[in-house]
Amino acid sequence: MSFEKIAESGFRVRKKLAVLFLFSSAIVFAQQGKEVNGKITNDKQVPVPNVTVKEEGTENSVTTDAEGNFLIKLLKDQSSLSVENDGFQSQIIPVNNRSFIAIPLREEKKRKPSSRLYWWVMEVLKKVGSYGLS
């Protein structure tokens, strides 16, 4: 094999590696900076304004508008969105290459005090009151 053939085959290999590198770089960077929009509603499909939507593992966050819409530009690959608002259960939603996500929020259930506990506290308060400790 002559020197010219060896040099030519080396050039072809380097050219293929360069093209491969360019395509793989484009794929890696395509996910970063991806914009995801969505709409947040309650159980009755009513839009919920002022909900915080945060990209998990970052400080990147946005707030929904008056119609419950949001638009967030992701900083990481394979992101998940954390959704939080007073009166609703917090949720973590994987993006999974979606560009639009509809998120129904579930109202936070308020726990009622146990009736047994209530009556026990009332009895204790009565006894404390009868000793003049009130």
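Structural data are supplied above this passage.
Below, the structure is looked at part by part. (Residues numbered from 1 in each chain as written. Predicted model: local features only at pLDDT ≥ 70, side-chain atom pairs only at ≥ 80, totals over all residues. Heavy atoms only, no water.)

1. What about the overall build of the chain?
When you go through the chain residue by residue, the secondary structure sums to two helices and seven strands. From first element to last, N terminus to C terminus, the chain shows the α and β order α-β-β-β-β-β-β-β-α. Taken across its 134 residues, the chain has 22% of its residues classed as buried. Considering only residue pairs separated by 6 or more positions, the chain has 47% of its internal contacts joining residues 24 or more positions apart. Surface exposure of the chain reaches about 10500 Å², of which carbon and sulfur atoms provide 59%. (Helix = DSSP H or I, 4+ residues; strand = E, 2+ residues; numbered from the N terminus. Buried < 20%, exposed > 50% of the residue type's maximum accessible area, 1.4 Å probe, protein only. Contact = heavy atoms within 4.5 Å. Areas by Shrake-Rupley, 256 points an atom, 1.4 Å probe, with all protein chains shown as cover.)

2. A word on the environment of Ala102
Tracing the sequence through the fold places Ala102 in strand S7 (residues 100-104). Between the alpha carbons of Ala102 and Asn37 there is a distance of 8.7 Å; along the sequence they are 65 residues apart.

3. Comments concerning the sheet that holds strand S1 (residues 35-41)
Spatially, the three strands line up as an open sheet ordered S4-S1-S7, and their pairing is mixed. Across the chains shown, the open sheet's two edge strands, defined by having one partner strand only, are strand S4 (69-73) and S7. Between one strand and the next, the sheet's axes are offset by a mean angle of 25°, whatever the strand orientation. Pairing of S1 with S4 involves five bridges; the strand directions are antiparallel. Bridge assignment links Val36 to a residue of S4, and that residue is Ile72. (Pairing = 2+ DSSP bridges. Axes fitted to C-alpha atoms, helices over the stretch in contact; angles between N-to-C directions.)

These results come straight from atomic positions and should not be treated as a statement about function.
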